[in-house]
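# Coordinate analysis (summary)
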Amino acid sequence: QVQLVESGGGLVQPGGSLRLSCVASGRTFINNVMGWFRQAPEKEREFVAAIKWSDSRTNYADSVKGRFTISRDNAKNTAYLQMNSLKPEDTAVYYCAVKYGTGLLSPDRFAHYAMDYWGKGTLVTVSS
């Protein structure tokens, strides 16, 4: 089993920054894509960003491109989401997820995968 635990959410003013963390524990595998989704009240869950663990290739939703950066720390089994220039519309619960595989995995297709594990989410509120 794998457990994903998110942290780093909170209240921030528009234009501010937050850094989310997702720590993976348990039995993990190198061949994976890890990423972030978010869900705002009364809205569908949407893809935010993804990173392929083995080569650090990334993919971003258009709405966050240029403002958010996803990265990973191999030694800590942790993925990060650095969020800059935050807007009120970024307010949502942010969920970490991971897809493991034995074949080809791509961060470009992350949003379409059936995820193997999900975190419970961390709330980000952007408000004055």
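Refer to the structure printed above.
About the criteria used
- Residues numbered from 1 in each chain as written.
- Predicted model: local features only at pLDDT ≥ 70, side-chain atom pairs only at ≥ 80, totals over all residues.
- Heavy atoms only, no water.
- Pairing = 2+ DSSP bridges.
- Helix = DSSP H or I, 4+ residues; strand = E, 2+ residues; numbered from the N terminus.
- Axes fitted to C-alpha atoms, helices over the stretch in contact; angles between N-to-C directions.
- Phe/Tyr/Trp six-rings, centres within 6.5 Å; stacked < 30°, edge-to-face > 60°.
- Buried < 20%, exposed > 50% of the residue type's maximum accessible area, 1.4 Å probe, protein only.
- Lys NZ or Arg CZ within 6 Å of the ring centre and 35° of its normal.
- Polar contact = N/O pair within 3.5 Å; in protein donor to acceptor, adjacent residues only side chain to side chain.
- Disulfide = S-S within 2.5 Å.

Spatially, the four strands line up as an open sheet ordered E1-E3-E8-E7, and their pairing is antiparallel. The two strands at the open ends of the sheet, each matched to only one other strand, are strand E1 (2–7) and strand E7 (68–73). Adjacent strand axes in the sheet meet at a mean angle of 15°, parallel and antiparallel pairs treated alike. Two elements, strand E3 (residues 18–26) and strand E8 (residues 78–83), share six bridges in a ladder whose sense is antiparallel. Within the sheet, the bridge partner assigned to Val23 lies in E8 and is Thr78.

A separate point is the packing of aromatic side chains. Per the counting criterion, the structure on display carries seven aromatic pairs. Ring geometry for Phe37 against Phe47: centres 6.0 Å apart, planes inclined by 70°, an arrangement best described as edge-to-face. You can see Phe37 sitting in strand E4 (residues 32–39) and its partner Phe47 sitting in strand E5 (residues 46–52), a full 10 residues away along the chain. Across the pair, Phe47 and Phe37 agree in class, each one buried. Relative to Tyr113, the ring of Phe110 lies with its centre 6.4 Å away and its plane at 85°, an arrangement referred to as edge-to-face. Grouping aromatic residues by their ring pairs yields a cluster made of Phe37, Phe47, Phe110, Tyr113 and Trp118. Just above the ring of Tyr80 sits the side chain of Arg19; from NZ or CZ to the centre is 3.9 Å.

Within the secondary structure, Thr122 is located in strand E11 (residues 122–126). The exposure class assigned to Thr122 is buried, which follows from its relative accessible area of 11%. Engagement of the side chain of Thr122 in a polar contact is seen with the backbone nitrogen of Gly9, the distance being 3.1 Å.

Next up on the list: the state of the cysteines. Evaluated as defined, the whole model comprises one disulfide. In this model, Cys22 is linked to Cys96 through a disulfide, with the two sulfur atoms separated by 2.0 Å. Handedness of the Cys22-Cys96 disulfide follows from its S-S torsion of about -80°: it is left-handed. Of the two residues, Cys22 is situated in strand E3 and Cys96 in strand E9 (residues 92–100); the sequence distance between them amounts to 74 residues. On the basis of relative accessibility, which here comes to 0%, the residue Cys22 falls in the buried class.

It is worth spelling out the pairing of E11 at this point. Judged by which residues are buried, E11 turns out to be one-sided: Thr122, Val124 and Val126 face inward and are buried, whereas Leu123 and Thr125, on the alternate face, are not. Where strand E2 (residues 10–12) meets E11, three bridges bridge the pair, whose relative direction is parallel. Counted as the bridge partner of Gly10 is Val124 from E11. Here E9 runs beside E11; their pairing, made up of three bridges, is antiparallel. When the bridges of E11 are listed, Val93 appears paired with Leu123.

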